[in-house]
Number of protein chains: 2
Amino acid sequence: MIYLDHAAATPVSRKVFEAMEPYFLSDFFNPSAAYLPAKKVAADYEAAKATIAHAIGAKTSDLVITAGATEANNLAFTAINARGRVGDFSGTGVAPARRYGRSAPSFSVVTSGHPLKIPTRPRILYLVTEHDSVRRVAEQYGGEAIRVLPSGLIDLDDLKTKITDETELISISLANNELGTIQPLAEVAGIIREVKIDRMKRGIKTQLLLHSDASQALNLLDINVARLGVDLLTLNAAKIYGPKGVGALYVSHDTKLKPLTMGGGQEKGLRSGTENVPGVIGFAKATELAREHLNGNRKKYASWRKILLSELQGCEIINKKHTLDNFVVLCYNGIDAERLIFLLEEKGVYVATGAACAASKGRKSHVLKAIGLSDAQIAGSLRISLGETNTDEQIHEAAEIINSVVQSEYERIRHA
Amino acid sequence: MIYLDHAAATPVSRKVFEAMEPYFLSDFFNPSAAYLPAKKVAADYEAAKATIAHAIGAKTSDLVITAGATEANNLAFTAINARGRVGDFSGTGVAPARRYGRSAPSFSVVTSGHPLKIPTRPRILYLVTEHDSVRRVAEQYGGEAIRVLPSGLIDLDDLKTKITDETELISISLANNELGTIQPLAEVAGIIREVKIDRMKRGIKTQLLLHSDASQALNLLDINVARLGVDLLTLNAAKIYGPKGVGALYVSHDTKLKPLTMGGGQEKGLRSGTENVPGVIGFAKATELAREHLNGNRKKYASWRKILLSELQGCEIINKKHTLDNFVVLCYNGIDAERLIFLLEEKGVYVATGAACAASKGRKSHVLKAIGLSDAQIAGSLRISLGETNTDEQIHEAAEIINSVVQSEYERIRHA
């Protein structure tokens, strides 16, 4: 098996699994319990959070553990028009449209079946190529999409045009999950800084936050929240050889959120529920390993990428530049990529057409559309994402198999 | 170590751990991916859900997997005044007070800083002894508490008095997490049925749902959703020797909920995010083992409970009847139970004063207060919860140790 879909899922590393094991079997205590073995578990949990936080240049207290990136993205958006402070539940809950309308200068109530109309300009801007867990929440809040250039990079001019005095949150993933495109977040943060200075001068107190979904990036980029200039950053254990069902949201100390759920008050009241101790221990170990092997892996993936780009025939490279080292996105003009995936699977090569959750619904990629690909190009597009299960031999073998399958497909079509 | 706090946390069974292992290491694929190994994982995930669903007499499609009981409880409450259908996100998000007020016959808008006033009678009733993850959400929605009798059982007369034409949801845990008290849900369901018939006759279309948090009960009671008469039921893997961070909400097919988070649309749009496959596989295995050993374990725990009740001296039994077989709640009058826990820990016996999440904050138990215990009695109360880590020998030894520690404490106090 040659697995080339590490952007969809990664196995849990053996070392991560071994780190989790005792917390399943013997150190299983409830971190909130009063006796010492439980307090030791609580301390280990905090230490694990510290490992994750420090890896991105943050403090342990800035991190909220979630059940994955989707929850973290959803939690980030509660920053919009958040009233009161963390732990103050008055008027809480996330009712975007409503909360939205409520504090707007004027609003109209539709008599039945419809939410309040949103009279003001969007409070949220998000990159058009974002993952569904950002896009759907942003849309829900009446957010406006920012365009990307054909390179997949954010159109900074479009961003500048769309920021208004009402804009509160800008959400831009650090690296795109279909293209691997790395966005110039520091540049965006620079623009935001200018807007904030301008607002300050004019006495406008509306917050302006930068959120980034970095799910795909923690094992491929050197992430530092201060350098990136983000207020909110989403992390995901499952994409970096850690367990599924664990993620985190970095929240800068001056950003106020509201809990999505209420209960025992864990994670400073922002995320109630008994702590997923083994999951977080595994997340921390995966983070540690990711940082340790960051440079070596990047070099390895970059060389593999180079090999694929030079050996693969009959295709157009979609993500030419500004991409994670492990992403190769190709377009085979006139070929049905879904059929290709099936044929490649028969030869033991596993690739994808786009985000797994979108692909499973047979939807066309909104990402490939946003960078200007035609329907035919989108239909012929493949995503290869390299990873730790791969070897040098596999890369050459994969290139050979893909070339041969593609060639037969082109021949079959020519003779059809 | 004699661990007597299985209500706070249980270890993951070796068999559960072994069932999960391959899904961490080799069958790690994203269930939404297009190739066969991923589809096999998706099928295994569905089969695991089926195992859990069938254990409570439900269908796989009735189950929404969550990150634990807290999320499941919070999700259950989105049934209140849910508009539109599942997957219809218009006006979605959970803003209890606001949604509440919006569809009320009349409402008043406070100019700033306050949520809309709630003019109508409570739509939610909940048992006063519920866990924080029910209580805090219910309070948030302006819910009203139902009293319990000194036995810990629901005061059915109080329930009947408090049900009004506005009541939409009644939340009563199947077994209490501090006392183990098993509530007569079928009787509650009978009352609800009568109210519904009466409403139907009078042309009142307001829904009336019964939700139950069964977190503590799946390995100790034979649960069947139809027999219990519940519309919503919360389950928790972490309390039945499964992994932390996994739970489920049973949702009867005619009950409409709203998602707490949005994204890739997993779990029929009600709970987005890549599926926690190993977690759910583990949950299913734990459920299977729980059902398999249900009767044997109940008998064993009942006999241990009997031994403790007969051997423990100088205490009052708080949960005399109607309790899970593994719960023994005691009160040592005049003794500080927190000190007792500390002294017992020194002798290798681990017990609790109440719910771990409440205890960690030094709060007095609202459960013990609700059954009419005085502050002094609450201060002297211990919760023993038996489980699979225990042996016959441990029970006798524990009784001996507790007796000896308690005796020294009484003597110390007498001479102080």
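Reading the values: the criteria
- Residues numbered from 1 in each chain as written.
- Chains lettered and ligands numbered in written order.
- Predicted model: local features only at pLDDT ≥ 70, side-chain atom pairs only at ≥ 80, totals over all residues.
- Heavy atoms only, no water.
- Helix = DSSP H or I, 4+ residues; strand = E, 2+ residues; numbered from the N terminus.
- Buried < 20%, exposed > 50% of the residue type's maximum accessible area, 1.4 Å probe, protein only.
- Contact = heavy atoms within 4.5 Å.
- Areas by Shrake-Rupley, 256 points an atom, 1.4 Å probe, with all protein chains shown as cover.
- Expected span 1.5 Å × (residues − 1).
- Polar contact = N/O pair within 3.5 Å; in protein donor to acceptor, adjacent residues only side chain to side chain.
- Pairing = 2+ DSSP bridges.
- Axes fitted to C-alpha atoms, helices over the stretch in contact; angles between N-to-C directions.
- Phe/Tyr/Trp six-rings, centres within 6.5 Å; stacked < 30°, edge-to-face > 60°.
- Salt bridge = Lys/Arg side-chain N within 4 Å of Asp/Glu carboxyl O.
- Patch = residues over 30% accessible without salt bridge, like charges linked within 9 Å, V, L, I, M, F, W, Y side chains within 5 Å.
- Lys, Arg positive; Asp, Glu negative; His and termini not counted.
- Charge placed at Lys NZ, Arg CZ, Asp CG, Glu CD.

**Q** For this particular structure, what's the right way to read the overall build of chain A?
**A** When helices and strands are counted, chain A shows 15 helices and 12 strands. A total of 416 residues make up chain A; the buried ones form 63% of that total. Put simply, 69% of the contacts in chain A that link residues at least 6 apart link residues at least 24 apart. Approximately 15500 Å² of chain A is accessible, and the part contributed by carbon and sulfur atoms is 51%.

**Q** Just checking my understanding: could you explain helix 9 (residues 277-292) of chain B for this structure?
**A** Owing to its 3.6 residues per turn, the α-helix aligns residues three or four sequence positions apart on the same side. Residue and element names in this part refer to chain B. Over its 16 residues, helix 9 runs 23 Å from end to end, which matches the ideal 22 Å to within 8%, given 1.5 Å per residue. The set of residues buried in helix 9 consists of V277, P278, G279, V280, I281, G282, F283, A284, A286, T287, L289 and A290. The N-capping residue of helix 9, defined by a side-chain oxygen 3.0 Å from the backbone nitrogen of G279, is N276.

**Q** Just to check I follow, could you spell out the sheet that holds strand 8 (residues 247-251) of chain B for this structure?
**A** Each strand in a sheet pairs with its neighbour through backbone hydrogen bonds, running either in the same direction (parallel) or in the opposite one (antiparallel). Residues and elements named next belong to chain B. In spatial order, the strands read 2-8-7-6-5-3-4; together these 7 strands make up an open sheet with mixed pairing. If you trace the sheet from one side to the other, it starts and ends with strand 2 (63-66) and strand 4 (144-146), each paired once. Taken pair by pair, the neighbouring strands of this sheet meet at an average axis angle of 20°, ignoring direction. Sheet analysis places strand 3 (residues 124-127) next to strand 4, joined by 3 bridges and oriented parallel. Bridge assignment links L127 to a residue of strand 4, and that residue is I146. Sheet strands touched by helix 3 (residues 69-76): strand 2, strand 5 (169-171), strand 6 (209-213), strand 7 (232-236) and strand 8. Its angle to strand 7, the strand with the most contacts, is close to 170°. On top of the sheet, helix 7 (residues 185-201) reaches strand 5 and strand 6; it is set at about 165° to strand 6, its chief contact.

**Q** Explain the packing of aromatic side chains to me, please; I cannot follow it from the model alone.
**A** Given two aromatic rings, their pairing is described by the distance between the two centres and the angle made by the two planes. Under the defined criterion, the tally for this structure stands at 20 aromatic pairs over all chains. A ring pair is formed by Y35(A) and Y3(B), whose centres lie 6.4 Å apart and whose planes are at 90°; its orientation type is edge-to-face. A residue pair is termed interchain when its members come from two chains, as with Y35(A) in the loop between helix 1 (14-25) and helix 2 (36-55) and Y3(B) in strand 1 (residues 2-3). What makes Y35(A) buried here is its relative accessible area of 1%. Taking relative accessible area as the criterion, Y3(B) reaches 2% and is therefore assigned buried. Here the aromatic rings of Y350(A) and Y35(B) are separated by 5.3 Å at their centres, their planes lie at 80°, and the arrangement is edge-to-face. Remark: Y35(B) occurs in the loop between helix 1 (14-25) and helix 2 (36-55) and Y350(A) occurs in strand 11 (residues 349-350); the pair is interchain, linking two chains. Y35(B) matches Y350(A) in its accessibility class, with the two residues each being buried.

**Q** I keep staring at the pairing of strand 7 (residues 232-236) of chain A and nothing clicks. Help me out?
**A** For a regular strand, the rule is simple: side chains alternate between the two faces of the sheet. Residue and element names in this part refer to chain A. With 5 of its 5 residues buried, strand 7 lies for the most part within the structure. Of the two faces of strand 7, both are covered, the one formed by L232, T234 and N236 as well as the one formed by L233 and L235. With 3 bridges joining them, strand 6 (residues 209-213) and strand 7 adopt parallel strand pairing. Within strand 7, the residue paired with D213 across the bridge is T234. Sheet topology places strand 7 next to strand 8 (residues 247-251); 5 bridges connect them, and they run antiparallel.

**Q** Can you help me understand the pattern of salt bridges in this one?
**A** Two side chains with opposite charge may pair up if their charged atoms get near one another. All names here are of chain B. As enumerated under the stated definition, the model contains 38 salt bridges over all chains in all. K49 is the partner of E267 in a salt bridge, and the nearest nitrogen-oxygen pair spans 2.8 Å. Highlighted residues: E267 in the loop between strand 8 and helix 9 and K49 in helix 2, separated in sequence by 218 residues. The same class applies to E267 and to K49, which are both buried. D222 serves as the salt-bridge partner of R291, at 2.8 Å between the closest nitrogen and oxygen.

**Q** Can you help me understand the pairing of strand 10 (residues 327-331) of chain B in this one?
**A** Residue and element names in this part refer to chain B. Counted residue by residue, strand 10 has 5 buried out of 5 residues, so it is predominantly covered. Neither face of strand 10 is left uncovered, since the one carrying F327, V329 and C331 and the one carrying V328 and L330 both have all their residues buried. By the bridge criterion, 2 bridges tie strand 9 (residues 316-317) to strand 10 in an arrangement that is antiparallel. From the neighbouring strand, I317 faces strand 10, where its bridge partner is L330. Examined bridge by bridge, strand 10 and strand 12 (residues 381-385) share 5 bridges and lie antiparallel to one another. By the bridge assignment, F327 is partnered in strand 12 with S385.

**Q** Sorry if this is basic, but what is going on with unusual backbone geometry here?
**A** Backbone phi values are negative for most residues with the exception of glycine, while trans is the configuration of most peptide bonds. Residue Y241(A) is not a glycine yet carries a positive backbone phi of 70°. With respect to the element layout, Y241(A) can be found in the loop between strand 7 and strand 8.

**Q** In this structure, what is going on with the environment of A286(B)? I would like to understand it.
**A** Residues and elements named next belong to chain B. Considering the arrangement of structural elements, one finds A286 in helix 9. Accessibility expressed as a relative area gives 2% for A286, which makes it buried. Between the C-alpha atom of A286 and that of A19, which follows or precedes it by 267 residues, the distance is 9.5 Å.

**Q** Explanation requested: a negative patch on the surface in the structure shown.
**A** Taken together, the side chains of D392(A), E393(A), E397(A) and E400(A) define an acidic patch exposed on the protein surface. Inspection of the secondary structure assignment puts E400(A) in helix 15 (residues 392-415).

**Q** What am I meant to see in the sheet that holds strand 5 (residues 169-171) of chain A here?
**A** Residue and element names in this part refer to chain A. The 7 strands lie next to each other as 2-8-7-6-5-3-4, forming an open sheet whose pairing is mixed. Edge strands, defined here as strands with exactly one partner in the open sheet, are strand 2 (63-66) and strand 4 (144-146). Along the sheet, successive strands turn relative to each other by an average axial angle of 20°, direction set aside. Contacts between helix 7 (residues 185-201) and the sheet are confined to strand 5 and strand 6, with strand 6 contributing the most and set at about 165° to the helix.

**Q** Explanation requested: the side chain of N390(B) in the structure shown.
**A** Residues and elements named next belong to chain B. With respect to the element layout, N390 can be found in the loop between strand 12 and helix 15 (392-415). In this structure the side chain of N390 is engaged in a polar contact, spanning 3.0 Å, whose partner is the side chain of Q394. Setting aside residues no more than four positions away along its own chain, N390 makes contact with I2, Y3, L4, H6, W304 and I395.

Distances and angles like these do not, on their own, reveal function.
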